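One-letter residues, chain by chain:
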Amino acid sequence: MILIWLILIPLMGGLLAWLFSRGNDRLPRWISLIALIIDFILVLLLWMQYPERAGLTNRSWLVDINLEWIPRLGISFHLALDGLSLLLVMLTSFLGIMSVAASWTEIKERVGFFHFNLMWSLAGITGVFLSLDLFLFYFFWELMLVPMYFLIALWGHENRISAAVKFFLFTQLSGLLMLAAILGLYFVHARGTGIYTFDYTQLLGTTMGSTEGMLLMLGFLIAFVVKLPAVPFHTWLPDAHTEAPTAGSIILAGLLLKTGAYGLLRFAVPLFPHAALDFTPVAMALAVIGILYGAVLAFGQTDLKRLVAYTSVSHMGFVLLGIFAWNELALQGAVIQIICHGISTGALFIIVGALQERIHTRDMERMGGLWTSAPRMGGVGLLFGLASLGLPGLGNFVGEFLVLIGAYTVSIPMTAIAATGLVFATVYSLWMIQRTFFGPREVYLKVPDLNMREMTVMAFMVAVIVWIGLYPQPVINTAKGALNALQKNAGAMTSFGKISYPVSTGADRDTK
Amino acid sequence: MTLNDLAPLIPLMVIAVSSVIIMLGIAFYRSRAFSGLLTLAGIAVAFITLFGVQGTRQVTSLLILDDYALFYIGLILAASFVVALLSSDYLEGRRENIEEFYILLLLSTLGSSVLAASTHFVSFFIGLEILSVSLYALIAYTRNELNIEAGVKYLVLAAASSAFLLFGIALLYGETGTMEFSRMSSGISAQGINKGMLLTGFALVLTGVGFKLAVAPFHMWTPDVYEGAPAPVTAFVATVSKGGVFALLLRYFIQVDMHAYPSLFGAVAFIAVASMFAGNLLALLQKNIKRILAYSSIAHLGYLLVAFLAGGVMRVTAVTFYLVAYFITTLGAFGVVTMLSGKERDADAVEDYQGLFRHRPWLALIFSAMLFSLAGIPLTAGFIGKFYIVAAGAGSALWLLVIMLVINSAIGLYYYLRIIVVLYAQPGHSEVSAVSSLPLTGSLVLVLLTVLLLWLGVYPEPLIEMIHRMTMRF
């Protein structure tokens, strides 16, 4: 039941926020905030309750609920939670709280409807992270887009409409291809077993031809890498992120992109291990290209928000690299990178949003020397800039480092090139901080510093990123059981994950 | 034919008798309320009597009342009921005498119902003509310039298409020696059949039917007629008239087994793809809501044909579910247009809807729900419908068609979203938004349709079960 509540609470919170919005701008904010806090506490309780947190047992599903929905078609309302979903749902409600708090003063129009959309897209994202029925998954996958579309199209900045439409078309088209692939899998499974079902646990290990498997996997993969996004499907991202209101950007970068990564982890690879294995070189190449290309483009931006948006392309490249390296270290790294990127990029978007609210521009040409008037903002900005470049001691470093170690055993050249992404990240991050907070001070810029509310938000985000940076073990333990199960599912049929590419690994060297 | 045979025809007869009573009533005393209420009552009674028909009843060789026919007749009656409710307020003040409108409405409903129950070319043709002839008058009913133009256009083209259809029927009859659908397949497989003649016959029938369904390349009339006709009549043309014809087409091609004729299959596949692309691409260029919906309906018929081409059990279920969703959505969308229309002209310019969410949040929400359903977004019936169609297509491995459908859905999304964005934009200056209060009946109907839309989108199981039971006995 608790899983249903996790989805229902934001849904109801959103409805209530909207209903009580007549002539009252404060109430919807409070309702949303409280609903999300309840959601967060529920997940936290779930986390505390299970021994997996300390790495004690290795069960895969912590909670599992399976109800009939449309039995005629083999569709069930199947939600389940393992360590991976748990972490992601926790991230969802956490960033949800942050985005409500961050847009407290930014949104002045149609406040109720804004929060309705915010909450419903969060509910959709939560649903994506929990569904174990492919139809249900697709249902939530589509459901989260519509409110997101409204968030961008109604409360966004100058070119919001075209950005929103572009975002929607990209994700819809790729989503429909995934639907076709889901149905393909459904019929392939039925052909082999005679059972028509969309249930993930039953569809695992479906036998299929290799071309068939590759085509179906590509259907899933396209939907996920568009979301992730990987080059060359990233073009929707800078526009959508830049034009969205702050809360929208946080959710887009912090959560929506993660649904792509989650989809790869949960569905694309375990359902089609053979095809995924064949596809690994291409995927890793895409990942590396994304890392470098995103970084280079980020460096070329003058719009601060656009810069942050492009860094996402670069950082999510590491996630893709980690997923397709498919060994434990790399997967753990990908999970930590998912979480830390969500938080650090979310924080950067909040800072950009706060800046824009104050000086009404995102153009870095017109910033500079902000540190003197806004030292707190500068300090926090610097910290997350450093997190973004992968400074040891902050969460992103752990993620990227683990990914690189894991990927190293799979392909040394790829890993070497990917590692140079860290250098680029240093360049653009420091450059960004330099251009905005230091340098010659623009006389007319006398900006108020972060206020109590914003500092509280930042304090939480800083705490999490530092905590994961210093002591990532709880996160690793939580994800461990789930990741092992995923590896087992995929590995049961192939040597996936134990790939011996013609590269010398540490083990080889020992035996020589 | 015995008296016993008449019993299953009661629903059809109730409709016919209601129209006659209204006609006679007008001769003595004109009353809007009387005609309107009698129409509603007639449709309601006919609907209830549908449940009294037990089992599959073949009435002469012309009509069959099986579950399939009953389901479609029910759907047609429900849609006519909604149209009758919507038009009562709409017609007020647009024309002096509006009582005849109901007669025409009942007659065309009757025609469409006959189509759904036909198993014979004669009943097919009679049903089609009852439907079409009443539609000519309905489309031109409020007698402004656009109306008349649309009516005449429909008249000329429908007459031409009927001629095609008749010629096709004649050819098929000449070759097979029968006009009964069920006996046609055995007639076809007989020795010494001229294949060329047969296919020409099929092609001509398909042309005639294609015109009624407004599928490409027979779609040219659609946007003009949709734009010109009064909004509730447009809803009627889009749903009742197409629904009946589609029901017939499905029955006909299942009984004749279309899959045995690759060229016929190819022709329908071509029509499906052409309709999807023509509808969606042309809709992108439109600035008029009615025209957009017209082109969108062309595309939706294309989607339907994809399921139609699929084989297996899923075909009928997918088509039927999609049609139900399409009925609800189309009625809802045109319902909103009807409600907003002023006396001078219909609210059909996209600008009329700018900022609708500000003045009329509920109406804007209902309209968005309908558009989302057309676009196939979750929580709406359209989503399940589209899912079903893709499933049917994938189940029969019609991958090319499925991919076309996917691409077209994305194109379609673009113009639905454009309207939706306008709904929530800053209000512009439009006289339409100044309509003082909305009629109560219309509002209730729209709310009901929306509830139905969401209900089917979230919990489609009962309807699926019902359709499935119906197809089992098909």
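As the structure is a prediction and not an experimental result, all values here were calculated from the model. (Residues numbered from 1 in each chain as written. Chains lettered and ligands numbered in written order. Predicted model: local features only at pLDDT ≥ 70, side-chain atom pairs only at ≥ 80, totals over all residues. Heavy atoms only, no water.)

J.: Which residues make up the overall build of chain A, and what values go with them?
T.: A tally of helices and strands in chain A yields 21 helices and 2 strands. For 512 residues, the compact-globule formula gives about 24 Å, and the C-alpha radius of gyration of chain A, at 22 Å, lands near that figure. Dimensions of chain A, computed from C-alpha atoms along their principal axes, come out at roughly 70 × 60 × 45 Å. Here chain A, with 512 residues, has 67% of them falling under the buried criterion. Long-range pairs, those at least 24 residues apart, make up 81% of the contacts in chain A with a sequence separation of at least 6. In the structure as shown, chain A presents an accessible area of about 16700 Å², 68% of it carried by carbon and sulfur atoms. A gap of 4 Å separates the mean positions of the 29 positive and 27 negative side-chain charges of chain A. (Helix = DSSP H or I, 4+ residues; strand = E, 2+ residues; numbered from the N terminus. Rg over C-alpha atoms; globule rule 2.2 N^0.38 Å. Buried < 20%, exposed > 50% of the residue type's maximum accessible area, 1.4 Å probe, protein only. Contact = heavy atoms within 4.5 Å. Areas by Shrake-Rupley, 256 points an atom, 1.4 Å probe, with all protein chains shown as cover. Lys, Arg positive; Asp, Glu negative; His and termini not counted. Charge placed at Lys NZ, Arg CZ, Asp CG, Glu CD.)

J.: Tell me what's going on with the overall build of chain B, and back it up with residues and numbers.
T.: Per the secondary structure count, chain B includes 20 helices and 2 strands. Against the 2.2 N^0.38 benchmark of 23 Å for 474 residues, chain B shows a C-alpha radius of gyration of 21 Å, consistent with a compact globule. Seen through its principal axes, chain B has C-alpha atoms that stretch 70 × 55 × 40 Å. Within the span of chain B, comprising 474 residues, buried residues form 64% of the whole. Looking at chain B as shown, the accessible area adds up to about 16100 Å², and 70% of this sits on carbon and sulfur atoms. Charged side chains of chain B number 24 positive and 24 negative; the gap between the two group centres comes to 3 Å.

J.: Which residues make up the pattern of salt bridges, and what are the values?
T.: Taken as a whole and judged by the stated rule, the model has 23 salt bridges over all chains. Between aspartate 82 of chain A and arginine 266 of chain A there is a salt bridge whose closest N-O contact spans 2.8 Å. Taken together, the positions of aspartate 82 of chain A in the loop between β2 (75–81) and α3 (83–102) and arginine 266 of chain A in helix α11 (residues 246–271) put the pair 184 residues apart, joining distant regions of the chain. Between arginine 291 of chain B and glutamate 227 of chain B there is a salt bridge, with the nearest N and O atoms lying 2.6 Å from each other. Of the two residues, arginine 291 of chain B sits in helix α13 (residues 289–309) while glutamate 227 of chain B sits in helix α10 (residues 221–228), which places them 64 residues apart along the sequence. You'll find arginine 291 of chain B and glutamate 227 of chain B in the same group, each marked buried. (Salt bridge = Lys/Arg side-chain N within 4 Å of Asp/Glu carboxyl O.)

J.: Report on the packing of helix α17 (residues 381–395) of chain B against helix α18 (residues 399–424) of chain B, specifying residues and quantitative values.
T.: Residues and elements named next belong to chain B. Between α17 and α18, the least distance of the axes is 8 Å, while the angle of their chain directions is 155°. It follows that α17 is roughly antiparallel to α18 by the angle criterion. Between α17 and α18 lies a crossing whose hand is left-handed. Listed contacts from α18 to Lys386, Ile389, Val390, Gly393 and Ala394 of α17 are Trp399, Val402, Leu405 and Ser409. Classifying every residue of the contact of α17 with α18 gives 6 nonpolar, 2 polar and 1 charged. (Axes fitted to C-alpha atoms, helices over the stretch in contact; angles between N-to-C directions. Parallel < 35°, antiparallel > 145°, perpendicular 65-115°, else oblique. Left-handed = near helix turned anticlockwise from the far one by under 90°. Nonpolar A, V, L, I, M, F, W, Y, C, P; charged D, E, K, R; others polar.)

J.: Please set out the interface of chain A and chain B residue by residue, giving values where relevant.
T.: Taken together, the contact between chain A and chain B spans 36 residues of the former and 39 residues of the latter. Taking both partners together, chain A and chain B bury about 3400 Å²; carbon and sulfur atoms supply 82% of that area. Put simply, chain A and chain B have 2 salt bridges between them. As a salt-bridge pair, glutamate 109 of chain A and arginine 358 of chain B come within 4.0 Å of each other at their nearest N and O atoms. Linking chain A with chain B are 5 residue pairs in polar contact (both at pLDDT 80 or more), by the criterion used here. Among the secondary structure elements, those contributing two or more residues to the side of chain A that touches chain B are β1 (63–70), α4 (111–130), α5 (134–143), α6 (145–155) and α7 (160–193) of chain A. The element contributing the most residues to the side of chain A that touches chain B is α7 of chain A, with 13 residues. Among the residues forming the side of chain A that touches chain B, the class breakdown is 29 nonpolar, 2 polar and 5 charged. (Buried area = accessible area lost by both parts, 1.4 Å probe. Polar contact = N/O pair within 3.5 Å; in protein donor to acceptor, adjacent residues only side chain to side chain.)

J.: Go over the side chain of lysine 242 of chain B, please, and point to the residues and values.
T.: All names here are of chain B. Within the element layout of this structure, lysine 242 appears in helix α11 (residues 231–256). Although buried, lysine 242 forms no salt bridge, and the nearest oppositely charged side chain, aspartate 224, lies 14 Å from it. Those residues within four positions of lysine 242 in sequence are excluded, and the remaining contacts are Lys212, Leu213, Ala214, Tyr226, Val237, Ser297, Leu301 and Tyr326.

J.: Could you give an account of the side chain of serine 388 of chain A, naming the residues involved and the relevant values?
T.: All names here are of chain A. Counting through the fold element by element, serine 388 comes out in helix α16 (residues 375–389). Residue class for serine 388 comes out buried when judged on its relative accessible area of 3%. Dropping the residues within four chain positions of it, serine 388 is found in contact with His315, Leu348, Asn396, Glu400, Ala425, Tyr428 and Ser429.

J.: Describe in detail the packing of α5 of chain A against α7 of chain A, supporting the description with residues and values.
T.: Residues and elements named next belong to chain A. The geometry of α5 relative to α7 is characterised by a closest axis approach of 11 Å and an angle of 175° between their N-to-C directions. Between α5 and α7, the angle falls in the class roughly antiparallel. Counting all contacts with α5, which are made through Leu134, Phe137, Tyr138, Trp141 and Glu142, the residues of α7 involved are Gln172, Gly175, Leu176, Met178, Leu179, Ile182 and Leu185. Residue classes in the contact of α5 with α7 are distributed as 9 nonpolar, 2 polar and 1 charged.

J.: So what about the packing of aromatic side chains? Which residues, and what values?
T.: All names here are of chain A. On inspection of all chains with the given rule, the structure shows 68 aromatic pairs over all chains. The interplanar angle of 75° and the centroid separation of 5.5 Å between the aromatic rings of tryptophan 141 and phenylalanine 224 together place this pair among those described as edge-to-face. Residue tryptophan 141 is located in helix α5, and its partner phenylalanine 224 is located in helix α9 (residues 210–227); the two are separated by 83 residues in the primary sequence. Judged by its relative accessible area of 0%, phenylalanine 224 is buried. (Phe/Tyr/Trp six-rings, centres within 6.5 Å; stacked < 30°, edge-to-face > 60°.)

J.: For a nonpolar patch on the surface, give the residues involved together with the corresponding values.
T.: Residues and elements named next belong to chain B. Where nonpolar side chains cluster on the molecular surface, the patch consists of Ile10, Met13, Val17, Ile21 and Phe34 and spans about 400 Å² of accessible area. If one sorts the elements of the nonpolar patch by residue count, helix α2 (residues 10–28) sits on top with 4 residues. Turning to its location among the elements, methionine 13 is positioned in helix α2. (Patch = residues over 30% accessible without salt bridge, like charges linked within 9 Å, V, L, I, M, F, W, Y side chains within 5 Å.)

J.: Summarise the environment of leucine 452 of chain B; cite the residues concerned and give the values.
T.: All names here are of chain B. The topology assignment puts leucine 452 in helix α19 (residues 440–458). Classification of leucine 452 as partly exposed rests on a relative accessible area of 35%. When the C-alpha positions of leucine 452 and threonine 329 are compared, they lie 9.7 Å apart, and in sequence the two are 123 residues distant.

J.: Break down the layout of surface pockets for me, citing the residues and quoting the values.
T.: All names here are of chain B. Computed from the structure, the second largest pocket encloses a volume of approximately 1100 Å³. Breaking the lining of the second largest pocket down by element, the ones donating at least two residues are α3 (32–50), α4 (67–91), α14 (314–340), α19 and α20 (461–472). A total of 11 residues in the lining of the second largest pocket trace back to one element, the largest contributor, which is α4. Its residues placed into classes, the lining of the second largest pocket shows 29 nonpolar, 3 polar and 3 charged. (1 Å grid on protein atoms, 1.4 Å probe; cavity = no way out; pocket = protein on both sides within 12 Å on 5 of 7 lines; lining within 4 Å. Points joined across faces, edges and corners; volume = space filled by probe spheres on them.)

J.: Report on the nonpolar core, specifying residues and quantitative values.
T.: Judged by nonpolar contacts, the single largest core of 394 residues is most densely connected at Phe220 and Phe324 of chain A together with Tyr353 of chain B. Take this core: its biggest share by element is 19 residues, from α14 of chain B. (Core = buried A, V, L, I, M, F, W, Y, C linked by side-chain atoms within 4.5 Å.)

J.: I'd like a rundown of α10 of chain B, residues and numbers included.
T.: Within an α-helix, residues lying three or four positions from one another point in the same direction, as the helix has 3.6 residues per turn. Residue and element names in this part refer to chain B. Burial of α10 is extensive: 7 of the 8 residues sit out of reach of the surface. For α10, every residue scored as buried is listed here: Trp221, Thr222, Pro223, Val225, Tyr226, Glu227 and Gly228. Where the residues of α10 are buried, they touch α6 (121–139), α7 (145–176), α9 (195–213), α11, α13 and α14.

J.: Tell me what's going on with the pairing of β2 of chain A, and back it up with residues and numbers.
T.: Residues in a regular strand point their side chains to alternate faces of the sheet. Residues and elements named next belong to chain A. Most of β2 is tucked away, with 6 of its 7 residues classed as buried. Where β1 meets β2, 7 bridges bridge the pair, whose relative direction is antiparallel. Across the sheet, residue valine 63 finds its bridge partner in β2, namely leucine 81. (Pairing = 2+ DSSP bridges.)

J.: Residues and numbers for unusual backbone geometry, please.
T.: In terms of backbone geometry, most residues other than glycine have negative phi values and most peptide bonds are trans. With an omega of 5°, the peptide bond between valine 231 of chain A and proline 232 of chain A qualifies as cis. On the secondary structure map, proline 232 of chain A appears in the loop between α9 and α10 (236–243). One non-glycine residue, histidine 360 of chain A, adopts positive backbone phi at about 55°. Note on placement: histidine 360 of chain A falls in the loop between α14 (328–359) and α15 (370–373). Positive phi, normally seen in glycine, also occurs at threonine 60 of chain B, with a value near 50°. Relative to the helices and strands, threonine 60 of chain B resides in the loop between β1 (57–59) and β2 (63–65). For threonine 60 of chain B, a relative accessible area of 33% translates into the label partly exposed.

J.: Which residues make up helix α20 (residues 473–491) of chain A, and what values go with them?
T.: Residue lysine 480 of chain A marks the point of greatest curvature in α20 of chain A, where the axis turns by about 40°. In terms of burial, α20 of chain A is a largely internal element, 14 of the 19 residues being buried. (Bend = angle between axes of the 7 residues up to and from the residue.)

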